[in-house]
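Observations on the model geometry
Each chain, letter by letter, is given below.
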Amino acid sequence: MTATATTVKASVVPSHPHEHDAKLMRLVRVVEAEKHNGHVEYKRQLLRPSASRLRSLATQMSFRLDEGNGTCTYYLGVEDDGCHSLLRYPAISESARILECIARSLNAIVVKRTMIQGEIDEEENLVEGTKFSTKKKIVRVDESPVFKYDIKTAHGWEEKKADGDENVLKANRAFTRCEVTIQRIETHMLDSSPISLVELANNASPSSVTMNGESGSSSATLNNLGENGGGSSSSSHSPSANGNSTKPNKGMTSPNSSLNTDTNGFDEHEKSTSVSETLTARNIRVAVVGNVDAGKSTLIGTLTTSSLDDGRGRSRTTIMKHRHEIETGRTSTATTHLLGFRHSGEPIAGKDTIRVNKRRSEDEVARESYRIVTLLDLAGHEKYLKTTIHGVSSGMCDYSMILVNSRHPPTHMTQHHLNLCCSFGIPTIIVFTKIDGCPEHAIKNSKEEVFKLLRAPDVGRKPFAVRKEQDIATCMDKLHALAPVIDISCVTGEGLNLLRKMLFSLPKRRRHEQKANRSFEFLVEELFNVPGVGSVVSGFVNAGELTVGSNCHVFIGPIDDGSYIRTVAKSAHIARINTTHITSGQSACLALALKKDEKSKLRRGMVILTENPSSTKEFDAEICVLKGEGTTIRKSYQAYVHILNVRQTAFAKSIEIVNKNAAGLPPSHRAQNDEDHGIVLRPGSRAKVRFEFAQRPEYVRPGMRMLFRDGRVRGVGLVTGVPSNS
């Protein structure tokens, strides 16, 4: 690339040399002027960006990547009009490092990084009569990227030594610019330990912690990078033409110092955030249930996309899975959606400010969030009640949100959902939807009916109206006895901010991280066959830890004969982010090395274990028959049993009354006209029952919570033991 020689003669010497510099820096054009569209972006320099500035730059890079179909080019050290910014190598090198950190957060890598010197020669000091001439030899050096790309290695900075050409660039005090080519790649090619963008950009790499200054012997910190930058000088004297001002804030520290101040827009809490920890210790799982017209999918779509509904189903179509769900507006499957929050409680926007028609993916939300609320969208129609029961049974939910249409009184399905959540001991939050335009008498009637259900003896919750933020703090530690009530509208946005603050404030109820020392137990919920990868299973890590790889041998089963298949866990994903290590409390996907005949044996409800695989067809459980409906349970009673992710028909082989202190059995517990005087269980009864699966053995261990139904939920219980002979 050749620059046009230019001679500048000033008639009057300015009072301050920086004023002259600002004029000179825009006189030598090295590339064409920047275009608003396209895949090419110009930047003067990127030094000490704040957290909000990093997010803005990341959004801008996403736009350029989309414009270039996954590839974009950045010109560093260049003004918007294509003129050289006259900056030195240290400032350009550090700007290129920060640019690569931003690309890293967007599942992109730097494929080429070229430093260019010699386009402009400063023959004299920047005073009157300064001459710029075209160099005969332009130096172009391709530098290696900062990060490692090998999936088998841990995340870290690239320990590289500068070669001869790079040392020459550092030694020369010539004006420098850089051309960076960035390409978006598949997630599985990234490292296995993702780090937040703020931490990446504000921890200097080994090669950029110290740089040679003017004398060649003393080290110049990042605070001095712009001092000898020619026309740029310090941005405190001349603001950037393209908005990249590097004026230091008061009290700002260098990026390689301890980040204990929030003057850059982040604090030590945000710095220490890791995706794995966020998805484990700071992940709240909330089941969203309610009647078919309550607006469950619409609410989840409004929360996750940060955009209001139009009243015609726009929000729900963004999260629905099947075509018939979009056409009918009825959810038929159980799906999960991530709602992210920053450390301050600010929700992560579901859509980019530039890519308004594109939702953020799960990995983008997970990487940027400090706390995550996983919303389980469950079916509300009576036809899909068994799907909802399985979703609550296997969802490991911390809390539940029961949605009620404020324009209609609660139905029998609302009562079933409330009893279902209470049967599993899940605290509930009542949300009245569609309050915009709702008559006062209608919402008053709906609330009275719901409050009656909450105060019923089998529920035992006291309704608590949440109207302001102080009410949230009041009820947070009393959710075992209170049922918070919030009024919202997804069309007008009324009450949504209050609901977001409540979701952010919910304390973690299930402490899955305390089960990390137990043997590995993975509950299989979905099966996939991915081209080029093979069999992939998704589910929940209920206990233990696992490091995947070629030497990671696991057992998956049980199959129909009760045995397990020994295989290798090749790779793992959490929230679409590749990882080599998964731990208890995470929803993950595992890629397994299975043969063709072994793939056909997989089914939902299996488990993946690392040791002591076992299966049984019989188990003992202590059950309680729910009140409310006439139910008669006796020997050979057959029901559909849910035990975490296991669901299968089972029948009662034997029944034993729990209360042995009673003198004989009450008349209602004796079977009439039965020669053997068999025991009959009625609503409110407690007993020990031995169940036997009707079809195949399953993985069952003591301590698992169970639920049985025959159309409606009839009772709940706890697995107490497994017969040794089974």
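As the structure is a computational prediction, the values presented were derived from the model and not from experiment.

Brief notes about the nonpolar core
Formed by 33 residues in total, the largest nonpolar core has its most connected members in Leu299, Leu375, Met401, Leu499, Leu503 and Leu506. The leading source of residues in this core is helix H16 (residues 496-505), at six residues. Not counting residues up to four positions away in its chain, the partners in contact with leucine 299 are Met401, Leu403, Ile488, Cys490, Leu496 and Leu499. One finds Met396, Val641, Leu681 and Tyr699 within the second-largest nonpolar core, a separate group that totals 32 residues.

Regarding the sheet that holds strand S29 (residues 646-657)
Pairing within the closed barrel is antiparallel, and its six strands lie in the order S27-S30-S29-S28-S31-S32. Each adjacent strand pair in this sheet contributes to an overall mean axis angle of 45°, direction not counted. Direction of pairing for S29 relative to strand S30 (residues 686-693): antiparallel, over a ladder of seven bridges. Residue pairing across strands places isoleucine 655 opposite valine 689, the latter belonging to S30. Each of strand S28 (638-643), S29, strand S31 (705-710) and strand S32 (712-721) is contacted by helix H12 (residues 385-394), which is oriented at about 40° to S28, the strand it contacts most. Against the sheet, helix H13 (residues 412-423) engages S31 and S32, with an angle of about 10° to S32.

Points about the sheet that holds strand S15 (residues 428-433)
The strand order S12-S13-S11-S14-S15-S17-S16 describes an open sheet built from seven strands, whose pairing is mixed. Each edge of the sheet is formed by a strand with only one pairing partner; in this case those strands are strand S12 (335-341) and strand S16 (462-465). Direction aside, neighbouring strands of the sheet carry axes that sit 25° apart on average. Pairing geometry for strand S11 (residues 283-290) and strand S13 (residues 371-377), over six bridges, is parallel. Each bridged residue has a counterpart across the sheet, and for alanine 287 the counterpart in S13 is leucine 376.

Considering the packing of H12 against H13
Contact geometry of H12 with H13 gives a least axis separation of 11 Å together with a crossing angle of 20°. The orientation of H12 with respect to H13, classified from their angle, is roughly parallel. Two packed elements cross with a definite hand, and for H12 against H13 that hand is right-handed. From H12, Leu385, Thr388, Ile389 and Val392 reach across to H13, where they touch Met413, His417 and Leu420. A breakdown of the residues in the contact of H12 with H13 according to their chemical character gives five nonpolar, two polar and no charged.

With respect to the environment of alanine 379
Tracing the sequence through the fold places alanine 379 in the loop between S13 and H12. The residues contacting alanine 379, other than those within four sequence positions of it, are Lys296, Thr331, Ser332, Tyr384, Thr388 and His417.

Details of the packing of aromatic side chains
Counting across every chain of the model gives seven aromatic pairs. Taking the centre distance of 6.4 Å and the plane angle of 15° together, the rings of phenylalanine 520 and phenylalanine 522 count as stacked. The exposure class assigned to phenylalanine 520 is buried, which follows from its relative accessible area of 2%. Classification of phenylalanine 522 by relative accessible area gives buried; the value is 0%. Plain terms: the ring middles of tyrosine 637 and phenylalanine 708 are 6.3 Å apart, the flat faces sit at 75° to each other, and that makes the pair edge-to-face. Residue tyrosine 637 is found in the loop between strand S27 (618-625) and S28, and its partner phenylalanine 708 is found in strand S31; the two are separated by 71 residues along the sequence. For the pair tyrosine 637 and phenylalanine 708, a shared accessibility class is recorded, and that class is buried. One aromatic cluster is present, built from ring pairs that chain together Phe619, Tyr637, Phe691, Phe693 and Phe708. For the cation-ring pair, arginine 371 lies above phenylalanine 504, with the distance from its terminal atom to the ring centre recorded as 5.2 Å.

Re unusual backbone geometry
Backbone torsion omega between glycine 557 and proline 558 reads 0°, so that peptide bond is classified as cis. Secondary-structure assignment places proline 558 in the loop between strand S21 (553-557) and strand S22 (565-574).

Observations concerning helix H2 (residues 51-67)
Along an α-helix, a turn takes 3.6 residues, which lines up residues three or four apart on a common side. Taking 1.5 Å as the rise per residue, H2 with 17 residues should run 24 Å; its terminal C-alpha atoms sit 25 Å apart, in good agreement. Of the residues one or two after H2, asparagine 69 is the one with positive phi, at around 55°.

Looking at the side chain of aspartate 471
Tracing the backbone through its elements, the reader meets aspartate 471 in helix H15 (residues 469-475). There is no salt bridge for the buried aspartate 471, and the closest opposite charge comes from lysine 468, which lies 5.2 Å off by N-O distance. Once residues within four sequence positions are removed from consideration, aspartate 471 is found in contact with Phe464, Ala465 and Val466.

Digging into helix H14 (residues 440-455)
The first and last C-alpha atoms of H14 sit 23 Å apart over 16 residues, in line with the 22 Å expected at 1.5 Å per residue. Listed as buried for H14 are Ala442, Ile443, Ser446, Val450 and Leu454. Taken around the axis of H14, the buried residues stretch over an arc of 105°, which confines them to a single face. H14 presents Glu440, His441, Lys444, Lys452 and Arg455 as exposed residues on the side facing more than 90 degrees away from its buried surface. On its buried side, H14 packs onto strand S14 (399-405), H13, S15, S16 and strand S17 (482-487).

A closer look at the confidence of the model for the protein chain
Counting all residues, the mean pLDDT for the protein chain is 78, and 75% of those residues have values of 70 or more. Overall, residues 124-135 carries pLDDT values under 50, and its contacts beyond four positions in sequence, including any with other chains, amount to 39 contacts. Confidence drops under pLDDT 50 across residues 188-194; counting only partners more than four residues distant or on other chains, this segment forms 24 contacts.

Observations concerning the environment of alanine 103
You can see alanine 103 is positioned in helix H3 (residues 89-105). With 80 residues separating them in the primary sequence, alanine 103 and glutamine 183 have C-alpha atoms 8.4 Å apart. Discounting chain neighbours no more than four positions away, the residues touching alanine 103 are Met61, Ala108 and Ile182.

Describing the side chain of serine 446
With respect to the helices and strands, the residue serine 446 is situated in helix H14. A residue is classified by how much of its surface remains accessible, and serine 446, at 1% relative accessible area, is buried.

Brief notes about the environment of glycine 82
Considering the arrangement of structural elements, one finds glycine 82 in the loop between strand S3 (71-76) and H3. Remark: the alpha-carbon pair of glycine 82 and valine 30, spanning 52 residues in sequence, is separated by 6.0 Å.

Looking at the pattern of salt bridges
Where side chains of opposite charge bring their charged atoms close, a pairing between them can arise. Summed over the entire model, instances satisfying the criterion amount to 29 salt bridges. In this structure, arginine 342 engages glutamate 368 in a salt bridge whose closest nitrogen and oxygen atoms are separated by 2.4 Å. Taken together, the positions of arginine 342 in the loop between S12 and helix H11 (362-368) and glutamate 368 in helix H11 put the pair 26 residues apart, joining distant regions of the chain. Among the residues examined, arginine 342 registers a relative accessible area of 11% and is labelled buried. Judged by relative accessible area, glutamate 368 falls into the partly exposed class, the value being 24%. Between aspartate 477 and lysine 478 there is a salt bridge, with its nearest N and O atoms 3.2 Å apart.

The rules we used
Residues numbered from 1 in each chain as written. Predicted model: local features only at pLDDT ≥ 70, side-chain atom pairs only at ≥ 80, totals over all residues. Heavy atoms only, no water. Core = buried A, V, L, I, M, F, W, Y, C linked by side-chain atoms within 4.5 Å. Buried < 20%, exposed > 50% of the residue type's maximum accessible area, 1.4 Å probe, protein only. Helix = DSSP H or I, 4+ residues; strand = E, 2+ residues; numbered from the N terminus. Contact = heavy atoms within 4.5 Å. Pairing = 2+ DSSP bridges. Axes fitted to C-alpha atoms, helices over the stretch in contact; angles between N-to-C directions. Parallel < 35°, antiparallel > 145°, perpendicular 65-115°, else oblique. Left-handed = near helix turned anticlockwise from the far one by under 90°. Nonpolar A, V, L, I, M, F, W, Y, C, P; charged D, E, K, R; others polar. Phe/Tyr/Trp six-rings, centres within 6.5 Å; stacked < 30°, edge-to-face > 60°. Lys NZ or Arg CZ within 6 Å of the ring centre and 35° of its normal. Expected span 1.5 Å × (residues − 1). Lys, Arg positive; Asp, Glu negative; His and termini not counted. Salt bridge = Lys/Arg side-chain N within 4 Å of Asp/Glu carboxyl O. Arc of directions from axis to C-beta. pLDDT = per-residue confidence, 0-100.

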